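Observations on chain architecture
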Amino acid sequence: MEEEPVTLLFTWDVAPGRREAFERWLYDVNAAAMKFSGHLGVTWLRPGEKEGRYFAILRFTDVTSLKRWLNSNERATWVDRLDGIATEAEPRVSTTGMESWFSLPHCTVAPPSRWKTALTSFVAVYPCVLLFQWLLAGRIASLPLPLPLRAMTLPAMLSPLLTYALMPLLSRVLRRWLYR
């Protein structure tokens, strides 16, 4: 049986005056994590001007791949480098799904309002549907397939595209607006 993707939420409390050092660290640790098998990406939520709490939403294809990264010597070395810069709160795991596009599981940061979630989803879905209609709908309609199979084409293409590419991208690009 195939395992589902998993999301892990980290909370980091950065020491006063150490934000620049932490920012350098997070850039480097992200590069290291991307080399691990099963890594799907990480989204960082930065604090406001006077706050020092960072959130990282780490995504892996399955629990096994996630544990490989979490238990690796490389990750341990990176975490050791944070001594005096930041402290890590207990990470929290949740299974992925559409909620991970827009929320921080088990966290005090409020997810975006529903209208922002709906608008962001529309911004991702509409161009895909438009391209599908323009490029493929006529061809698929002419195939000698039953309607349920023809109707399955768009969702089969759209779901992975949204989950792995468009929504993570839009969540990063629009994070200041989404998580105001």
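Residues numbered from 1 in each chain as written. Predicted model: local features only at pLDDT ≥ 70, side-chain atom pairs only at ≥ 80, totals over all residues. Heavy atoms only, no water.

A word on the packing of aromatic side chains. Inspection of the entire model under this criterion finds nine aromatic pairs. By way of ring pairs, the aromatic residues Phe10, Trp12, Phe22, Trp25, Trp44 and Tyr54 are connected into one cluster. Across the ring face of tryptophan 78, the terminal group of arginine 81 is positioned such that the distance to the ring centre comes to 4.1 Å. (Phe/Tyr/Trp six-rings, centres within 6.5 Å; stacked < 30°, edge-to-face > 60°. Lys NZ or Arg CZ within 6 Å of the ring centre and 35° of its normal.)

Glancing now at the environment of leucine 40. Assignment of secondary structure puts leucine 40 in strand S2 (residues 39-45). Residues leucine 40 and valine 6, spaced 34 residues apart in sequence, show a C-alpha to C-alpha distance of 9.6 Å. When near neighbours in sequence (up to four residues on either side) are disregarded, leucine 40 contacts Pro5, Arg59, Phe60, Thr61 and Tyr164. (Helix = DSSP H or I, 4+ residues; strand = E, 2+ residues; numbered from the N terminus. Contact = heavy atoms within 4.5 Å.)

Attention shifts here to the side chain of histidine 39. With respect to the secondary-structure elements, histidine 39 resides in strand S2. Polar contacts involving the side chain of histidine 39 include one to the main-chain amide nitrogen of glycine 41, which spans 3.4 Å. In this structure, histidine 39 is in contact with Ala33, Met34, Leu58, Arg59 and Phe60, ignoring residues within four places of it in sequence. (Polar contact = N/O pair within 3.5 Å; in protein donor to acceptor, adjacent residues only side chain to side chain.)

Counted residue by residue, strand S3 (residues 53-60) has seven buried out of eight residues, so it is predominantly covered. In this sheet, S3 lies alongside strand S1 (residues 6-14) in antiparallel orientation, the contact comprising eight bridges. In the sheet register, threonine 11 faces S3, and the bridge partner there is phenylalanine 55. Where S2 lies against S3, six bridges are found, and the strand directions are antiparallel. Looking at S3, one finds that leucine 45 is bridged to phenylalanine 55. (Buried < 20%, exposed > 50% of the residue type's maximum accessible area, 1.4 Å probe, protein only. Pairing = 2+ DSSP bridges.)

In this section: a nonpolar patch on the surface. On the surface, Trp115, Leu119, Phe122, Val123, Tyr126 and Leu130 cluster together into a nonpolar patch covering about 640 Å² of accessible area. By relative accessible area, leucine 130 is classed as partly exposed at 47%. (Patch = residues over 30% accessible without salt bridge, like charges linked within 9 Å, V, L, I, M, F, W, Y side chains within 5 Å. Areas by Shrake-Rupley, 256 points an atom, 1.4 Å probe, with all protein chains shown as cover. Salt bridge = Lys/Arg side-chain N within 4 Å of Asp/Glu carboxyl O.)

Below, the discussion takes up the nonpolar core. By size, the foremost hydrophobic cluster in this structure holds 25 residues, and its most contacted members are Trp12, Phe22, Trp25, Trp44, Leu58 and Trp69. Going through the elements one at a time, S1, helix H1 (19-34), S2, S3 and helix H2 (63-70) are the ones with two or more residues in this core. Each residue touching phenylalanine 22, except ones within four places of it in the same chain, is listed here: Trp12, Val14, Trp44, Tyr54, Leu82, Ile85 and Ala86. (Core = buried A, V, L, I, M, F, W, Y, C linked by side-chain atoms within 4.5 Å.)

Now for the packing of H1 against helix H3 (residues 73-80). If you want to describe how two helices pack, look at the angle between their axes and the distance between the axes. Following both chains from N to C, one finds H1 and H3 inclined at 180 degrees, their axes separated by 11 Å at the closest point. Considering the angle they form, H1 stands roughly antiparallel to H3. On H3, the residues touching Trp25, Asp28, Val29 and Ala32 of H1 are Glu74, Trp78 and Val79. Classifying every residue of the contact of H1 with H3 gives five nonpolar, no polar and two charged. (Axes fitted to C-alpha atoms, helices over the stretch in contact; angles between N-to-C directions. Parallel < 35°, antiparallel > 145°, perpendicular 65-115°, else oblique. Nonpolar A, V, L, I, M, F, W, Y, C, P; charged D, E, K, R; others polar.)

Right, let's get into the environment of threonine 77. Locating threonine 77 in the fold gives a position in helix H3. For threonine 77, a relative accessible area of 38% corresponds to the partly exposed category.

Attention now goes to the confidence of the model for the protein chain. Overall, the prediction assigns the protein chain a mean pLDDT of 82, with 84% of residues at 70 or greater. For the protein chain, strand S5 (residues 92-95) is the element with the lowest average pLDDT, namely 48, and H3 is the one with the highest, namely 92. Ignoring residues within four places in sequence, the model shows residues 93-97, a span with pLDDT below 50, making 14 contacts including any to other chains. Within the model, pLDDT remains below 50 along residues 103-109, and this stretch shows 17 contacts once partners closer than five positions in the same chain are excluded. (pLDDT = per-residue confidence, 0-100.)

Here the focus is H2. Turning to H2, its buried residues are Ser65, Leu66 and Trp69. For H2, the angular spread of buried residues about the axis comes to 100 degrees, placing them on one side. Among the structural elements, S1, H1, S3 and H3 are those in contact with the buried residues of H2. Where H2 starts, the residue carrying a side-chain oxygen 3.1 Å from the main-chain nitrogen of threonine 64 turns out to be aspartate 62. (Arc of directions from axis to C-beta.)

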